[in-house]
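# Structural overview for review
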Amino acid sequence: MLESKEISCRDIARSIFSRIEDIDEGINAYIRVEKESALEAAGKIDGKISAGEEIEDFTGIPVGIKDNICTKAITTTCASKILENYIPVYDATVIEKLKKRDYVLIGKLNMDEFAMGSSNENSFFGPVSNPWDTGRVPGGSSGGPAASVAAGEAICSLGSDTGGSIRQPAALCGVVGFKPTYGMVSRYGLIAFASSLDQIGPFSRDMEDCASLLNIICGHDRHDSTSIKANVPDYRSFLKDDIKGMKIGVPAELMVEGMDPEVKSAVDSALKMAEDMGAEVEEISIPNLEYALNVYYIIAPSEASSNLSRFDGVRYGFRDRTAKALRSMYKKTRAQGFGDEVKRRIMIGTYCLSAGYYDAYYEKALKVRTLIIKDFKRAFSKYDVLISPTSPTTAFKAGEKIDDPLTMYLSDICTIPANLAGLPAVSIPAGLSKANLPIGLQIMGNVLREDNVIRAAYSLEKAIGYKGVPNI
């Protein structure tokens, strides 16, 4: 439509801001909206288009950014009081890549504080509501990015995934959420939670937009020591509606006990569709996956304890001004600046890394992580992709699990393994429950085999034919 001059970039931006003004008070997807600068940017892009400049993917398209991804001269808070007024002096690499395409930054999206949570109820700026039912959670920690795309408050968005924080909210909000292979997207400018697990990825309405956004954000970055030096393929070339001969494994350990029967039925239906399209589907066992949740909740808090030690009131962010001495200032700043869930994970991590417990907990968790990685390697020597539910349940009610952190942690039981092994994985909508709540289907591939994941996801997306839009 831009190419044919049916609409302008400013028209698109205005439509998004109109939607935000109409409904975001009830969703709370945005921490900060950049209306003035976005409309100005859209006007400049319209001028370039009028002058005959090329329109590329995402030229003039409004994209929302999770508020743990640094944006130069625009506050980046991690949804935390301790960074409430932090203004980065540089852009994250993914933002630089989007700017080269002349995207439009619509605003910064709400999240669980420092990306710690599965419900987006841990934000200093208030919880995010699920667009399908505002009395339910959108998932976390990227609840804002997922809800904004589901509700039409952004065309696409970027989030981060440490243990399922893109895929789980994508499932609960009925959108596509993709976590690439660890290292395929630069983490430079992503405020760290757990450095060996974090990965930036896209939210979109469908796999076509997802592949287009992956084309832009993936690639090696010299600023990131964990960035992979690998060629970036054209991810759109893998959008093939054909999985004949593809071998699909269904890990028994991820078809978890207590799964919502409607979720299981949707997954079984998708697997039957895959068989009807000529894929080979088999149930398999990945033995060490039973330890994945335990391993994650040792490694992730340990890395968080180390990463968040920099927020001490000295270099940047909130500082308690009443303290009379340095040590007192540290204590008061961190006590007031961090929320309960962040404090809980810092304390767990500090304990696991402390003298006398490092070998018993952290080192042992790393060894089991290696066993999980080896299990996946064996599985992918036989299968092209693995399929499971993304979340064992549909969106749960707000407040239902907030006082029971262990039950909340179980929300990520199906998504955590991909982070521990650095695998690419996507959640696509698999239908709606009887209560009209979205169900997510997870597809995992081997390291650097996004091609298989995209091909399977695109084919099943077509077969499922999901067209769900929340009635807001």
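Residues numbered from 1 in each chain as written. Predicted model: local features only at pLDDT ≥ 70, side-chain atom pairs only at ≥ 80, totals over all residues. Heavy atoms only, no water.

## Some words on the overall build of the chain
A count of helical and extended segments in the chain gives 14 helices and 11 strands. Over its C-alpha atoms the chain spans a radius of gyration of 21 Å, differing by no more than 12% from the 23 Å that the globule rule assigns to 472 residues. The dimensions of the chain, computed from C-alpha atoms along their principal axes, are 70 × 60 × 45 Å. Within the chain, the proportion of its 472 residues that are buried is 59%. Relative to all contacts within the chain whose residues are 6 or more apart in sequence, the contacts with residues 24 or more apart total 76%. Carbon and sulfur atoms make up 48% of the accessible area of the chain, which amounts to about 18,700 Å² in all. Side chains of the chain give 55 positive and 62 negative charges; the mean places of these two sets differ by 6 Å. (Helix = DSSP H or I, 4+ residues; strand = E, 2+ residues; numbered from the N terminus. Rg over C-alpha atoms; globule rule 2.2 N^0.38 Å. Buried < 20%, exposed > 50% of the residue type's maximum accessible area, 1.4 Å probe, protein only. Contact = heavy atoms within 4.5 Å. Areas by Shrake-Rupley, 256 points an atom, 1.4 Å probe, with all protein chains shown as cover. Lys, Arg positive; Asp, Glu negative; His and termini not counted. Charge placed at Lys NZ, Arg CZ, Asp CG, Glu CD.)

## Some points on the side chain of E450
Mapped onto the elements of the fold, E450 is located in helix α14 (residues 450–464). Buried and unpaired, E450 has K179 as its nearest opposite-charge partner, separated by 7.3 Å. In this structure the side chain of E450 is engaged in a polar contact, spanning 2.7 Å, whose partner is the backbone nitrogen of T181. (Salt bridge = Lys/Arg side-chain N within 4 Å of Asp/Glu carboxyl O. Polar contact = N/O pair within 3.5 Å; in protein donor to acceptor, adjacent residues only side chain to side chain.)

## A look at the packing of helix α10 (residues 340–353) against helix α11 (residues 358–380)
Axis separation between α10 and α11 bottoms out at 7 Å; the angle between their running directions is 105°. Relative to α11, the element α10 lies roughly perpendicular. Between α10, through Y351, C352 and L353, and α11, the contact on the second element is made entirely by Y358, Y361 and Y362. Partitioned by chemical class, the residues of the contact of α10 with α11 number 6 nonpolar, no polar and no charged. (Axes fitted to C-alpha atoms, helices over the stretch in contact; angles between N-to-C directions. Parallel < 35°, antiparallel > 145°, perpendicular 65-115°, else oblique. Nonpolar A, V, L, I, M, F, W, Y, C, P; charged D, E, K, R; others polar.)

## Quick notes on empty space enclosed by the protein
All chains considered together, the criterion is met by 1 cavity of 30 Å³ or more. A volume near 50 Å³ is recorded for the largest cavity. Around the largest cavity sit A115, G117, T162, G163, G164, S165, F193, Y296, Y297, R345 and D412, which together line it. There are two domains that each give the lining of the largest cavity at least three residues, and those are domain 1 (9–286 + 369–464) and domain 2 (294–362). (1 Å grid on protein atoms, 1.4 Å probe; cavity = no way out; pocket = protein on both sides within 12 Å on 5 of 7 lines; lining within 4 Å. Points joined across faces, edges and corners; volume = space filled by probe spheres on them. Domains from an automatic or database assignment.)

## Here we look at the pairing of strand β8 (residues 280–284)
Pairing analysis gives 5 bridges linking strand β7 (residues 247–251) to β8, with the strands arranged parallel. Considered in β8, the bridge of K247 is made with E280. A crossover connection joins β7 to the parallel β8 through helix α7 (residues 261–276); in handedness this β-α-β unit is right-handed. (Pairing = 2+ DSSP bridges. Right-handed = clockwise from strand over helix to strand, strands pointing away.)

## Thoughts on the packing of aromatic side chains
Counted under the stated rule, the structure contains 14 aromatic pairs. Here Y297 and Y409 contribute two aromatic rings whose centre-to-centre distance is 4.1 Å and whose plane-to-plane angle is 15°, an arrangement assigned as stacked. Of this pair, Y297 sits in helix α8 (residues 292–307) while Y409 sits in helix α12 (residues 405–409), and the two are 112 residues apart along the sequence. Of the two residues, Y297 and Y409, neither departs from the other in class, the shared state being buried. Arranged with centres 6.2 Å apart and planes meeting at 20°, the rings of F376 and F380 form a pair that is stacked. Of this pair, F376 and F380 both sit in helix α11, 4 residues apart, which is roughly one turn of the helix. Looking at F376, the relative accessible area reads 1%, which means it is buried. (Phe/Tyr/Trp six-rings, centres within 6.5 Å; stacked < 30°, edge-to-face > 60°.)

## Digging into the domain arrangement of the chain
By the assigned domains, the chain splits into domain 1 (9–286 + 369–464) and domain 2 (294–362). For domain 1 versus domain 2, the separation of C-alpha centres amounts to 27 Å. Taken together, the contact pairs 25 residues of domain 1 with 22 residues of domain 2. Of all residues in domain 1, I82, M116 and Y409 give up the largest surface area on contact with domain 2, accounting jointly for 32% of the area buried on that side. (Buried area = accessible area lost by both parts, 1.4 Å probe.)

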